[in-house]
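Descriptive structure summary
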Amino acid sequence: MKKIFLKRGKDESLRRFHPWIFSGAIHHTSEQPEEGEVVTVYTSENEYIATGHFQIGSIMVRVLSFEHEEIDKAFYMRRLATALDVRKSIGVVGREDNTTYRLVHGEGDNLPGLVIDIYGKTAVMQAHSVGMHTDRETIAEALKEVMGNTLKNIYYKSETTLPYKAELGQENGFLLGGSADDVAIENGLKFHVDWLKGQKTGFFVDQRNNRSLLEHYAKGRKVLNMFCYTGGFSFYAMRGGAELVHSVDSSQKAIDLTNANVELNFPGDPRHEAFAEDAFKFLEQMTTPYDLIILDPPAFAKHKDALRNALKGYTRLNKKAFEKITPGGIVFTFSCSQAVDKEHFRTAVFSAAAAAKRKVRILHQLHQPADHPINIYHPEGEYLKGLVLYVE
Ligand code: SAH
């Protein structure tokens, strides 16, 4: 295996098990590794410290292990078995009323660069690093063994998540099976998973608990689900007894998915209507007196440098909702930008409330669910945060 030698003192974060090695920490390599190759990492004192995937970029090594071990099928089986055990502990595995969960959450499961979501008998696997892409067949074999006959299909969906510069020419496709049955169940509600063309792995698995909470607030309310994507919050609101539910997304494709999902659960129900429109425009022009508004926008800040503008965006969006919501209304507001932390987000929402001159109470502080765990040595893994607010 090719070796990487660190500069003096650059082993400190690795001693605290942080899984990333930045290009600036590297002194030299024994031979130039290929992108995606497994390398071993040594300190300036020639002491072994980690094994990981090499990649050209600011993060040059994503650490897979801090012990000297082979990165082979057996390795992936051990990691996947632990990931599955975590999900069994959480209570999301083997249920009939919930066939959807995240099995692997990158660094959170000590598999940096890999995401696997389970939808019934199908796993959707996504590589965010060249190394995981290189190892995809081995991972698929390991996954098949660990999941046994509960798994029939593995769909590999990394066309848009791999670094463009690596020129892998990756196409999406099945590594196992090839079923067209795309209906999965979350807390007893059905939905189509568009793993072929949809965003992420086809559904936003991370809002499961927050959608459940919303269901309990929905009774008799007029609900606006802004940035609805596949309509997750909308069909929970309907089951919760909402008087009407309006779903909004700028993408017509998302609106079609939402309509199909609502139809799957509540065929012909006249309470639901969906609109393909820009969020800001819709909020500006709307006349319906909503008393439950969900704001779940895409990440406004993809990088730290975009933070200031992102915060302004969150303030502008939330201010619009505070200005329009009826007295006694409830707002579910989220940020999934990793670069925006809890405090930043809360400050942005606080500024919005003050600008709209409304009395606002925080009822719940929300976060990502347990099947999106955070590696304690990698706080960067925390990304989803939300607030449930009562607006007087
Ligand atoms: N709430 C969803 C996930 C939202 S993802 C769920 O529970 O699954 C963010 C969505 O915002 C995407 O579907 C995207 O199409 C939509 N979007 C992005 N910019 C928008 C805009 N300016 N106005 C309305 N929708 C927008």
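A few points on the structure. This structure is a prediction, so every number in the text was calculated from the model and none was measured. Each residue is numbered by its place in its chain's sequence as written, counting from 1. Only residues with pLDDT of 70 or above have their local features reported here, since the model is predicted, and side-chain atom pairs are shown and tallied only from 80 upward, although totals for entire chains, interfaces and linings are computed over all residues. Based on all heavy atoms of the structure, the side-chain values leave hydrogens and waters out of the count.

A closer look at the overall build of the protein chain
- Secondary structure elements are taken from DSSP: a helix is a run of H or I of four residues or more, a strand is a run of E of two residues or more, and numbering for both begins at the N terminus. If you tally the helices and strands in the protein chain, you get ten helices and 20 strands.
- The quantity called the radius of gyration is restricted to C-alpha atoms. Its globule counterpart is 2.2 Å times the number of residues to the power 0.38. Taken over C-alpha atoms, the radius of gyration comes to 22 Å for the protein chain, in line with the 21 Å a tight globule of 392 residues would show.
- Counting only C-alpha atoms and orienting by the principal axes, one finds that the protein chain spans roughly 65 × 45 × 35 Å.
- In this scheme, a residue with accessible area under 20% of its type's maximum is buried, one over 50% is exposed, and one in between is partly exposed, where area comes from a 1.4 Å probe on protein chains only. Classification of the 392 residues of the protein chain by burial places 55% in the buried group.
- Contacts in the protein chain between residues at least 24 apart in sequence constitute 64% of all its contacts with a sequence separation of at least 6. Any two residues having at least one pair of non-hydrogen atoms within 4.5 Å are treated as being in contact.

Remarks on unusual backbone geometry
- Backbone geometry at Asn110 places phi at a positive 55°, although glycine is not the residue there.
- One non-glycine residue, Lys357, adopts positive backbone phi at about 55°.
- Within the fold, Lys357 resides in the loop between helix H10 (342-356) and strand S19 (360-367).
- You can call Lys357 exposed: its relative accessible area is 75%.

A short note on the site of the ligand
- Being near a molecule or strand, for a residue, comes down to having at least one heavy atom within 4 Å of it. With respect to spatial proximity, 15 residues lie near the ligand, and among them Arg211, Asp249, Asp278, Ala279 and Asp296 are the closest.
- Under this definition, polar contacts are N or O atom pairs within 3.5 Å; protein pairs additionally need one hydrogen-donor-capable and one acceptor-capable atom, and for neighbouring residues in sequence, both atoms have to be side-chain atoms. Between the ligand and Ser250 there is a distance of 3.1 Å, counted from a nitrogen atom to a backbone nitrogen or oxygen.
- The separation between a nitrogen atom of the ligand and a polar main-chain atom of Ala279 is 2.8 Å.
- Reported accessibility uses the Shrake-Rupley method at a 1.4 Å probe radius. Residues are deemed covered only where the shown protein chains occlude them. Relative to its unbound accessible surface of 590 Å², the ligand loses 88% to contact with the protein.
- In this classification, the charged set is Asp, Glu, Lys and Arg, the nonpolar set is Ala, Val, Leu, Ile, Met, Phe, Trp, Tyr, Cys and Pro, and all remaining amino acids, among them Gly, are polar. Here the residues of the shell around the ligand are counted per class, giving seven nonpolar, three polar and five charged.

Considerations on the side chain of His18
- In this fold, His18 is placed in the loop between helix H1 (12-15) and strand S2 (20-22).
- Judged by its relative accessible area of 13%, His18 is buried.
- In contact with His18, other than residues within four places in its own chain, are Ser13, Phe66, Tyr377, His378 and Glu380.

A short note on the sheet that holds strand S6 (residues 59-65)
- Only strands that DSSP links by at least two bridges are regarded as paired with each other. Read across the open sheet, the six strands follow the order S2-S6-S5-S4-S1-S3; overall the sheet is mixed. On the outer flanks of this sheet lie S2 and strand S3 (26-29), each paired with one strand and no other. Across the sheet, the mean angle separating the axes of adjacent strands is 35° when strand polarity is ignored.
- The strands that helix H2 (residues 73-90) touches are strand S5 (48-54) and S6; relative to S6, the one it contacts most, it runs at about 80°. Helix axes are fitted only over the stretch in contact, all axes being lines through C-alpha atoms; the angle between N-to-C directions runs from 0 to 180 degrees.

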